[in-house]
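Analysis of the macromolecular model
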Amino acid sequence: MKFVARQPAEGINVSQTHPLVEASTLIIGLATIFVLIAVALVFLVEIALAFVSAEDEAALFDGWLPADLVTVAHTDERLNETQMLVDRLAAHWPDSPYQFRVEIDDSEFANAMALPGGLIVVTRGLLDQIESENELAFVLGHELGHFKNRDHLRALGRGIVLSMFFAATTGGDVAGIGVNVADLTLRGFSRRQESKADVFGLGVVHAEYGHVNESWRLFERWAIEDDSLVKLVAYLSTHPDSGDRIVDIKDIAEGEGWPLDGPLTSLKW
Ligand SMILES: [Zn+2]
């Protein structure tokens, strides 16, 4: 039998499928893999958190201050009073593993945040807008709630693994990650985390004063849309909407039977 060389059929290397369909299958497939890996990383952080005790965290971040995030207002005389208020509130969480440390950030924009290791940062702008100790106590109590639920460390962990993953997959600058970490912890927490922190914060306020009067007052002032005031608020980019917050706080108090009325404590400054 003689071998007869034949030309292969025309178009043997051309797919039967339309190129646009192939391209979209590829893109959707890659995107799915990308998302699945990101979700898996977030789960890994959850697992890792179970192994890092709050005591280890406190030791690890002892004295830590992200300089790119916080400009300490050393001369603000309100620091002592704020620290003492945090200590009084934290006394209602007796088994807390943290030694809470307050710093005042020299920013005119009102904000408050919880950072790993028990660091609570409030801005000069927030203290400027506060009119009673009760208002400040709730904001601080809410931040204590984030420590109680370890939201700050979860956010930091997710921030680190996800930014490393994105840097690795997009060929970004891995060395630049350190700078973004602090940033990522401030993206804000989920609605559920915020509401759990509110319940804890309100409980602490109730334990301290025997009522929760004016816990919502700051949000009330922001909700009235006093433009000059709201312009100077950064807090709302990381926390729930003021209007919802007022309703939620009062709902929690009514559900728990915590009085909405009671004598206010004036600021010490
Ligand atoms: Zn919060």
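None of these values were measured; they are calculated from a predicted model. All residue numbers here refer to positions counted from 1 along the written sequence of the relevant chain. The model is predicted, so local features are restricted to residues of pLDDT at least 70 and side-chain atom pairs to those at 80 or more, both for listing and for counting; the totals for chains, interfaces and linings are taken over all residues. Calculation of side-chain values draws on the structure's entire complement of heavy atoms; hydrogens and water are dropped beforehand.

1. Section: the packing of aromatic side chains
Side-chain rings of Phe, Tyr and Trp, where Trp is taken by its six-membered ring, are said to pair if the distance between their centres is within 6.5 Å; with planes under 30 degrees apart they count as stacked, over 60 as edge-to-face, and otherwise as tilted. In this structure the tally under the stated criterion is 11 aromatic pairs. Judged by centre distance (5.4 Å) and plane angle (80°), the rings of Trp93 and Phe200 are edge-to-face. With a gap of 107 residues between them, Trp93 in the loop between helix 3 (78-90) and strand 1 (101-105) and Phe200 in helix 8 (residues 191-209) connect regions that are remote in the sequence. Here's how the labels work: a residue is buried when its accessible area is under 20% of the maximum for its type, exposed when over 50%, partly exposed in between, all with a 1.4 Å probe on protein chains only. Given a relative accessible area of 18%, Phe200 falls into the buried group. Between Tyr98 and Phe100, the ring centres sit 5.5 Å apart and the planes meet at 35°, which makes this aromatic pair tilted. Here a helix means four or more residues in a row that DSSP labels H or I, a strand means two or more in a row labelled E, and each is numbered from the N terminus.

2. Quick word on the coordination of the zinc ion
The coordination sphere of the zinc ion contains the protein donors His142 (NE2), His146 (NE2), Glu194 (OE), Glu194 (OE) and His239 (NE2), at a distance range of 2.1 to 2.5 Å. Considered as a linear motif, the donors of the zinc ion on their single chain read H-x3-H-x47-E-x44-H. You can see His142 and its partner His146 sitting in helix 5 (residues 133-148), 4 residues apart, about one turn around the helix. Of the two residues examined, His142 and His146, each falls in the buried class. With water excluded from the atoms, a metal site may look incomplete; its donors are any N, O or S atoms within 2.8 Å, or within 3.2 Å for Na, K and Ca.

3. A look at the pairing of strand 3 (residues 119-123)
Counting buried residues along strand 3, 5 of its 5 residues qualify, which places the element largely inside the surrounding structure. Of the two faces of strand 3, the one holding Leu119, Val121 and Thr123 and the one holding Ile120 and Val122 are both buried throughout. At least two bridges found by DSSP between two strands is the condition for calling them paired. Bridge count between strand 1 and strand 3: 5 bridges; the pairing is parallel. Bridge pairing links Glu103 to Val121 in strand 3. Across 4 bridges, strand 2 (residues 112-115) lies against strand 3 in antiparallel orientation. Looking at strand 3, one finds that Leu115 is bridged to Leu119. Two successive antiparallel strands, strand 2 and strand 3, enclose a turn made up of 3 residues, where Gly117 displays a positive phi of approximately 90°.

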